[in-house]
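Listed here are the chains, written in short residue letters.
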Amino acid sequence: MKPKIPFNKPFIVGKELYYISRAVLEGNLAGDGNFTKLCSGWMERHFEAKKVLLTTSCTSALEICAILADIQPGDEVIMPSYTFVSTANAFALRGAKIRFIDIRPDTLNMDENLIEAAITGKTKAIVPVHYAGVACEMDKILQIAKEQDLLVIEDAAQGVNATYKGRHLGTIGHLGAYSFHETKNFISGEGGALVINDERFIERAEIIREKGTNRSKFFRGELDKYTWVDIGSSYLPSEIIAAFLYAQLEEAEVITRKRWAIFNYYVKQFTPFQEHGLLRIPSWPMACRHNAHMFYIILPDGITRDNLLSYLNQQNINAVFHYVPLHSSTMGLQMGYKKGDFPVTEDLSARLIRIPCYFELKMEDQDRVFEAVTSFFANQRKFKKSARLNRTKKSGKNLEYYGRQI
Ligand SMILES: *Cc1c(COP(=O)(O)O)cnc(C)c1O
């Protein structure tokens, strides 16, 4: 058996461990020390964000967004069903009604043409999720939000250092959320950031992040004591996390270039398959510079997807699928959604596979993934051919399979 190719592998790019030891020697391991400031300052400069606050995760950044948006029980929030659970959970925690909408078949991002029909008098916010680091149609989304007086909160967990019309994802709406989970492009194990683009929210965001106290102001010397002033929670990451992250941010361009090289090599390998109608690879609009966050392939049907997934795993290649659409999850069904509500989401989520795509992935490993997919299709064709022959004999009909739009 060949060695395992994991789906993801956390990595070190440079000074991570050195910076952690420096944080330890400086004697400050709680939040908001030097490394935290270095990280948020770096992002404010490079992404041209008004304010960035480091958080313990993207999930917690989204939870802060829901409080800042002043979500009350019964308020509605519009988002795709095809997303990670935290996008919805952060708002559900405040009692919001989650209004899911379907996705576009090309980018798998929320279909901006379905937003207006989902708006009611109770709608407070639109939450675009930039899937695979490819931007949603932000011009249209911002225009609708402006006309209807709604907030735009970007779930840019996967979109760190990607752009839309030259602007960094997360800095386009009123608020944005980043993830530095070990499966993302820039990592600190667990970690995240809140991006604040509308100045009105800065002061309250600092308070919510500091357990509902005005401690940030106190530390800046603007107050002589600090106290409980609002709701909030413990959303500050430790300096150990920030030290690790800063080493990664410093090398952001190295990391991104490496990921592009990996991504483009897959594109080169799999394009002939796409041309033969066997599968589909990611595509992105001209206005988007993606960050090579993930490489997925979409198969012609769910059975082929399931078969390929188990074949790859038999070859010791850890490929995975996602997401169980949130509307068809246990919680989604309890909210009154049912199967069939979002046909594009249901169709594509049943046909998609994510293949290994991480910083240390070697070309030989990519070759192994490619060869495994190739042999899968070769075997499948043999099988299909015999099935076709049998079927032709029995019913005189041919199996319609390849050559259709995937
Ligand atoms: C990873 C991810 C999250 C959650 O990020 P954490 O930092 O693990 O909380 C949220 N939304 C999307 C779209 C993600 O991919």
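All of these numbers come straight from a predicted model, not from anything done at the bench.

S.K.: Explain the overall build of the protein chain to me, and be specific about the residues and the numbers.
M.R.: If you tally the helices and strands in the protein chain, you get 14 helices and 12 strands. Relative to its length of 406 residues, the protein chain is compact, with a C-alpha radius of gyration of 23 Å against a globular reference of 22 Å. Counting only C-alpha atoms, the protein chain reaches 90 × 55 × 35 Å along its principal axes. The 406 residues of the protein chain split such that 54% are buried. In the protein chain, of all internal contacts separated by at least 6 residues, the share reaching a separation of at least 24 is 69%. Counting every atom, the protein chain has about 18000 Å² of accessible surface; 54% of that belongs to carbon and sulfur. Each charge class in the protein chain was averaged separately, 51 positive and 46 negative side chains, and the resulting centres sit 8 Å apart.

S.K.: If you had to explain the pattern of salt bridges to someone new, which residues and values would you point to?
M.R.: Taken as a whole and judged by the stated rule, the model has 19 salt bridges. Across the pair Arg-104 and Asp-106 runs a salt bridge, and its minimum N-O distance is 2.6 Å. On the basis of relative accessible area, Asp-106 is assigned to the partly exposed category, the value being 31%. Residues joined in a network through salt bridges with shared partners are Lys-51, Glu-206, Arg-220 and Glu-222.

S.K.: For empty space enclosed by the protein, give the residues involved together with the corresponding values.
M.R.: This model, assessed by the stated rule, comprises 3 cavities of 30 Å³ or more. Of the pockets and cavities examined, the largest cavity occupies roughly 60 Å³. Taken together, the residues of the lining of the largest cavity sort by class into 5 nonpolar, 3 polar and 2 charged.

S.K.: How would you summarise the packing of helix α3 (residues 58-68) against helix α7 (residues 202-209) if you had to cite specific residues and measurements?
M.R.: In a pair of packed helices, the angle between the axes and the distance between the axes together describe the arrangement. The contact between α3 and α7 brings their axes to 10 Å, and the two run at 125 degrees. The orientation of α3 with respect to α7, classified from their angle, is oblique. The handedness of the crossing between α3 and α7 is right-handed. Counted together, Ile-64, Ile-67 and Leu-68 of α3 and Arg-204, Ala-205, Ile-208 and Arg-209 of α7 form the full contact between these two elements. Considered class by class, the residues forming the contact of α3 with α7 number 5 nonpolar, no polar and 2 charged.

S.K.: Account for the packing of aromatic side chains, with residues named and values stated.
M.R.: Taken as a whole and assessed by the stated rule, the structure comprises 25 aromatic pairs. With a centroid separation of 5.9 Å and an interplanar angle of 35 degrees, the aromatic rings of Tyr-131 and Tyr-296 are classed as tilted. Highlighted residues: Tyr-131 in the loop between β4 (123-126) and α6 (138-148) and Tyr-296 in strand β11 (residues 295-298), separated in sequence by 165 residues. What makes Tyr-131 buried here is its relative accessible area of 2%. Judged by centre distance (5.7 Å) and plane angle (50 degrees), the ring pair of Phe-218 and Phe-219 falls under tilted. The class of Phe-219 is exposed, set by a relative accessible area of 55%. One aromatic cluster in this structure is built from Phe-263, Tyr-266, Phe-270, Phe-273, Trp-284, Phe-295, Tyr-311, Phe-370, Phe-376 and Phe-377. Positioned over the ring face of Phe-359 is Lys-258, at 4.7 Å from the centre of the ring.

S.K.: So what's going on with the layout of surface pockets? Residues and values would help.
M.R.: There is about 450 Å³ of room inside the largest pocket. Looking at the largest pocket, it is lined by 21 residues, and the ones nearest its centre are Asp-32, Lys-37, Arg-209, Ser-216 and Arg-220. Mapped by element, the contributors of at least two residues to the lining of the largest pocket are α2 (34-46), β1 (51-55), α7 and α8 (215-219). For the lining of the largest pocket, a count of residues per class yields 6 nonpolar, 5 polar and 10 charged. Roughly 370 Å³ of internal volume is contained in the second largest pocket.

S.K.: Explain the sheet that holds β1 to me, and be specific about the residues and the numbers.
M.R.: With mixed pairing, 7 strands are arranged side by side in an open sheet as β1-β9-β8-β5-β4-β2-β3. Only two strands of the sheet have a single partner each, and these edge strands are β1 and β3 (97-101). The mean angle between the axes of side-by-side strands here comes to 25 degrees, regardless of whether they run parallel or antiparallel. Inspection of the sheet shows strand β8 (residues 175-179) paired to strand β9 (residues 192-196) by 5 bridges, in the antiparallel sense. By the bridge assignment, Ser-179 is partnered in β9 with Gly-192. Along the sheet, α3 contacts β1, β5 (151-155), β8 and β9; its crossing angle with β8, the most-contacted strand, is approximately 165 degrees. Relative to β5, α6 is tilted by about 150 degrees, and along the sheet it contacts β4 and β5.

Rules used in this analysis
All residue numbers refer to position in the chain's written sequence, counted from 1. pLDDT decides what is reported in this predicted model: residues at 70 or higher carry local features, side-chain atom pairs at 80 or more are listed and counted, and totals for whole chains, interfaces and linings draw on all residues regardless. Hydrogens are left out, water is left out, and the side-chain values use all remaining heavy atoms of the structure. In DSSP terms, a helix is any run of H or I states spanning at least four residues, a strand is any run of E spanning at least two, and both are numbered starting from the N terminus. The globule rule used here is 2.2 Å times the number of residues to the 0.38 power, and the radius of gyration it is set against is calculated over C-alpha atoms. Relative accessible area decides the class of each residue, using a 1.4 Å probe on protein chains only: under 20% of the type maximum gives buried, over 50% gives exposed, and in between gives partly exposed. In this analysis, two residues are considered to be in contact whenever any of their non-hydrogen atoms come within 4.5 Å of each other. Exposure was quantified through the Shrake-Rupley algorithm and a 1.4 Å probe, taking into account, for residues, occlusion by the shown protein chains and nothing else. None of His or the chain ends enter the tally, which takes Lys and Arg as positive and Asp and Glu as negative. Where a charge lies is defined by one atom per residue type: Lys uses NZ, Arg uses CZ, Asp uses CG and Glu uses CD. One speaks of a salt bridge when a side-chain nitrogen belonging to Lys or Arg is within 4 Å of a carboxyl oxygen belonging to Asp or Glu. Grid points spaced at 1 Å and placed over the protein atoms alone form the basis of the search, with a cavity being a set where a 1.4 Å probe fits but cannot get out and a pocket an open set showing protein on both sides within 12 Å along at least five of seven lines. Lining residues have an atom within 4 Å of a point. Grid points are joined across faces, edges and corners, and a volume is the space filled by probe spheres set on the points. Polar here means any residue other than Ala, Val, Leu, Ile, Met, Phe, Trp, Tyr, Cys and Pro, which are nonpolar, and Asp, Glu, Lys and Arg, which are charged; Gly is therefore polar. Structural elements are reduced to axes, namely lines fitted to C-alpha atoms, with helices fitted over the stretch in contact, and the angle between N-to-C directions of any two is expressed from 0 to 180 degrees. Small angles under 35 degrees read as roughly parallel and large ones over 145 as roughly antiparallel, with 65 to 115 read as roughly perpendicular and the rest as oblique. Should the near helix be turned anticlockwise from the far one by less than a right angle, the crossing is termed left-handed; should it be turned clockwise, right-handed. What counts as a ring pair is set by centres within 6.5 Å for rings of Phe, Tyr and Trp (its six-membered ring), and what kind of pair is set by the plane angle: stacked under 30 degrees, edge-to-face over 60, tilted for all other angles. By definition, being over a ring means that NZ of Lys or CZ of Arg is both within 6 Å of the ring centre and within 35 degrees of the ring normal. Here, any two strands with at least 2 DSSP bridges between them count as paired.

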